[in-house]
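# Secondary and tertiary structure notes
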Amino acid sequence: MSVDWGRLTPALRPGDWTCPTHGRIRPTTGGPVPTCPHCDDLAHQFRLTRAGGHQFVAPAPIHCSGPERHRAGEPGGQVGWTPCPCPPPHTHRGHHTWTCHCGAATHHPRLVDPSSVHTQASAT
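Residues numbered from 1 in each chain as written. Predicted model: local features only at pLDDT ≥ 70, side-chain atom pairs only at ≥ 80, totals over all residues. Heavy atoms only, no water.

Our next topic: the layout of surface pockets. Empty space within the largest pocket amounts to approximately 310 Å³. The wall of the largest pocket is formed by 14 residues, among which D41, R93, G94, H96 and P109 lie closest to the centre. By residue number, the principal contributor to the lining of the largest pocket is strand β6 (residues 94-99), which donates 3 residues. Broken down by class, the residue content of the lining of the largest pocket amounts to 5 nonpolar, 6 polar and 3 charged. (1 Å grid on protein atoms, 1.4 Å probe; cavity = no way out; pocket = protein on both sides within 12 Å on 5 of 7 lines; lining within 4 Å. Points joined across faces, edges and corners; volume = space filled by probe spheres on them. Helix = DSSP H or I, 4+ residues; strand = E, 2+ residues; numbered from the N terminus. Nonpolar A, V, L, I, M, F, W, Y, C, P; charged D, E, K, R; others polar.)

Of the strand pairs in this sheet, strand β3 (residues 44-48) and strand β4 (residues 54-57) are connected by 4 bridges, and their pairing is antiparallel. In the sheet register, R47 faces β4, and the bridge partner there is Q55. Adjacent in sequence and paired antiparallel, β3 and β4 are bridged by 5 residues, among which G52 carries a positive phi angle near 90°. (Pairing = 2+ DSSP bridges.)

Let us now look at unusual backbone geometry. Here the residue pair P88 and P89 is connected by a cis peptide bond, since its omega of 5° sits within 30 degrees of zero. One can find P89 in the loop between β5 (78-83) and β6. Omega for the peptide link from H108 to P109 comes to -10°, which places this bond in the cis form. Tracing the sequence through the fold places P109 in the segment after β7 (105-108). You will see that D40, though not glycine, has its phi angle at about 70°, which is positive. Mapped onto the secondary structure, D40 falls in the loop between β2 (23-25) and β3. A relative accessible area of 40% means that D40 is categorised as partly exposed. One non-glycine residue, R69, adopts positive backbone phi at about 50°. (Buried < 20%, exposed > 50% of the residue type's maximum accessible area, 1.4 Å probe, protein only.)

On inspection of all chains with the given rule, the structure shows 0 disulfides. No disulfide involves C19; its nearest neighbouring cysteine sulfur is the one of C39, lying 3.6 Å away. Looking at C102, it has no disulfide partner, and the nearest cysteine sulfur is the one in C100, 3.7 Å off. (Disulfide = S-S within 2.5 Å.)

Right, let's talk about the pattern of salt bridges for a bit. Summed over all chains, the structure comprises 1 salt bridge. A salt bridge links R24 to D16; the nearest nitrogen and oxygen atoms lie 3.3 Å apart. On the accessibility criterion, D16 (12% relative accessible area) is buried. (Salt bridge = Lys/Arg side-chain N within 4 Å of Asp/Glu carboxyl O.)

In C-alpha cells, the structure reads:
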C-alpha cells in the first residue's frame, strides 16, 4: 500500500501527523516518539515553510534515555540510523537513533536484548 502524496498533501493542514504507508493518522504517543498506530513506523508532522512550501518533520524524544534525562536538542546530540542488531524474529530494517551528549541512545523501534528472547525447546 502506498500513499498518493500528490492528492493527500493539499488536504493536509499544518500540524497533521502522517505515516509514509497510511497517510494522515492520529499517532500513538506511549513510547519515546509518536508512531503510526497501524504499523509502528515513526510518524511525521506536516508543516509549512516560510516560503510557502511544505515539509514532513520527524519528531525527536523529549528527554534522553540516560539517568540524567537531559532535554533533547542540547548541544552535542546526534540523530541517526543504525542497521537492526535484534535477533530473529524481532528484526527490523533498522532503527532511528537519538544520541545525547552524555552518550545515552534512544532507538525506535526499541532494541530487543538477545538474552531476553526465550526459545522453545523442541520436544523429543
